[in-house]
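As a plain string of letters, each chain reads:
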Amino acid sequence: MNSPVDHQIPDHHSPVRSALQGVREAIPLLGGYVPVALSFGLVATQAGFTTWEAAAISALIYAGASQFLFVGMIAAGSPLWLVVILTLLINIRHVVYGPNLAALLPRSRHWPWLMHGLTDQVFALALTRLPQLPDVKRFSWFLGASLFAWAAWVVGTIVGAMAGEAVTARWPLLGEVMPFALPALFLTMVAPRFTDKRWALAMLVTIMAALAFTLYGLSNVAIPLAAALGALCFYSITFTHRSRRL
Amino acid sequence: MNSALWIAVFASAFGTLLIRVVPFLWMQRRLNSAAGLNAMPQWLTVLGPLMIAAVLGVSIVPVNPHAVSWVATFLGLCVTLAVWWRLRSLGWPVAAGVLTFGTVQVGVLLGS
């Protein structure tokens, strides 16, 4: 699908080709996006929203967990100001994503709208792939990957709202098997860090903490809390290199 | 949806966009200052990869956690890692992992 190091600057750089590369490399994200988007479309219509209202929520808010919370709280009759505040609180973890990509992406007047596509998954993919791409390809690559993921999310919501029950009844394993693409993809992204003991321990602590938080029903805070624990581990534990005498 | 609900949707959408774009633009401006790359706090460069590890931890939990799906997850991750070790790419390890995970799930379903 891609080479680990792709630093060579092509003689004839094509923005379209770079964007298509972004699209191609974002395809594994669909394994996680499509089943969740289908579920969201189904849940939203069951909560009383029309297909196009569900699609508008997906297109505008574009943040999985907070969309489910938004629809659920509206259906439960919660005050709208509380719905908005809790939706934003769930998304607050995204604050650290942009600064991490800032050094990897060129300046552009398009970022104010393009950053709309910066989800957990797109961030993880971009942080892994952008350093391996030449500067000239990065903007188009991000454009292709993020727009493709966003479009898949919106289309998945529409399909879920229109035929969610029929799809899940016809292919019951779709919702169980396809989401495995996400852990598989993220594993390939964190694996290169395991060559260093300090990073390996911090990564392991983070993964186990996130897993435990999720199993205990704290999936909304699992990502920032687990990452904070991993950072604490990274800064508090250091390994000394012993020189072996022959 | 009534107009109050639409306002709530737009407020949530705009707030989420600001959360994503403002820190990015702020950091790009800092990086273009005289301090350059030194303007990037070290904790931020540590937190980035750890966020990916956290997303991995969250996504490992199967949709329907039971013994078979946990075994399928373990085997799928082992195969993903093995193929990554050999090819050092993103696409094929993911495809092999999903295939393994799906084979275990479907195999058990057909066998029962």
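Nothing here was measured: the structure is a model prediction, and the numbers come from that model. (Residues numbered from 1 in each chain as written. Chains lettered and ligands numbered in written order. Predicted model: local features only at pLDDT ≥ 70, side-chain atom pairs only at ≥ 80, totals over all residues. Heavy atoms only, no water.)

Draft legend 1. Summary view of the packing of aromatic side chains. Tallied over the full model, the rule gives 13 aromatic pairs over all chains. Ring plane angle 90° and centroid distance 5.5 Å describe the contact between A:Phe234 and A:Tyr235, whose orientation is recorded as edge-to-face. The exposure class assigned to A:Phe234 is buried, which follows from its relative accessible area of 5%. Taken together, A:Trp111, A:Phe139, A:Phe142 and B:Phe24 form an aromatic cluster joined through their ring pairs. Against the face of A:Phe234 rests A:Arg198, its NZ or CZ located 4.0 Å from the ring centre. Cation over ring: B:Arg88 sits above B:Trp85, and NZ or CZ is 4.5 Å from the ring centre. (Phe/Tyr/Trp six-rings, centres within 6.5 Å; stacked < 30°, edge-to-face > 60°. Buried < 20%, exposed > 50% of the residue type's maximum accessible area, 1.4 Å probe, protein only. Lys NZ or Arg CZ within 6 Å of the ring centre and 35° of its normal.)

Draft legend 2. Representation of the domain arrangement of chain A within the structure. Each assigned domain of chain A is listed with its residue range as follows: domain 1 (15-178) and domain 2 (196-238). Spacing between the C-alpha centres of domain 1 of chain A and domain 2 of chain A amounts to 24 Å. (Domains from an automatic or database assignment.)

Draft legend 3. View of the interface of chain B and chain A. Contact residues are listed per partner, giving 70 residues for chain B and 83 residues for chain A. Summed over both partners, the interface of chain B with chain A buries about 6700 Å², with 80% contributed by carbon and sulfur atoms. Looking only at chain B, the three residues that lose the most surface to chain A are B:Arg20, B:Phe24 and B:Leu90, adding up to 12% of its buried area. Run the count over chain B and chain A and you get zero salt bridges. In this structure, the connection of chain B to chain A is made through nine residue pairs in polar contact (both at pLDDT 80 or more). Mapped onto the side of chain B that touches chain A, the elements with two or more residues apiece are helix H1 (3-31), helix H2 (42-60), helix H3 (67-87) and helix H4 (91-111) of chain B. Counting residues per element, the side of chain B that touches chain A draws most heavily on H1(B), which supplies 22 residues. Residue composition of the side of chain B that touches chain A, grouped by class: 47 nonpolar, 20 polar and three charged. (Contact = heavy atoms within 4.5 Å. Buried area = accessible area lost by both parts, 1.4 Å probe. Salt bridge = Lys/Arg side-chain N within 4 Å of Asp/Glu carboxyl O. Polar contact = N/O pair within 3.5 Å; in protein donor to acceptor, adjacent residues only side chain to side chain. Helix = DSSP H or I, 4+ residues; strand = E, 2+ residues; numbered from the N terminus. Nonpolar A, V, L, I, M, F, W, Y, C, P; charged D, E, K, R; others polar.)

Draft legend 4. Structural detail: unusual backbone geometry. All names here are of chain A. With a phi angle near 50°, Tyr62 is a residue other than glycine that sits in the positive phi range. Looking at the element boundaries, Tyr62 is found in the loop between helix H3 (51-60) and helix H4 (64-75). With relative accessibility at 2%, the residue Tyr62 sits in the buried group.

Draft legend 5. Local environment of a nonpolar patch on the surface. A cluster of nonpolar side chains, namely A:Leu215, A:Tyr216, A:Leu218, A:Val221 and A:Leu225, defines an oily patch on the protein surface of about 510 Å² accessible area. By secondary structure assignment, the location of A:Val221 is in helix H13 (residues 219-236). (Patch = residues over 30% accessible without salt bridge, like charges linked within 9 Å, V, L, I, M, F, W, Y side chains within 5 Å. Areas by Shrake-Rupley, 256 points an atom, 1.4 Å probe, with all protein chains shown as cover.)

Draft legend 6. How the structure looks around the side chain of A:Arg93. Within the fold, A:Arg93 resides in the loop between helix H5 (80-91) and helix H6 (97-102). Not counting chain neighbours up to four residues away, the residues in contact with A:Arg93 comprise A:Asp120, A:Ile223, A:Pro224 and B:Met51.

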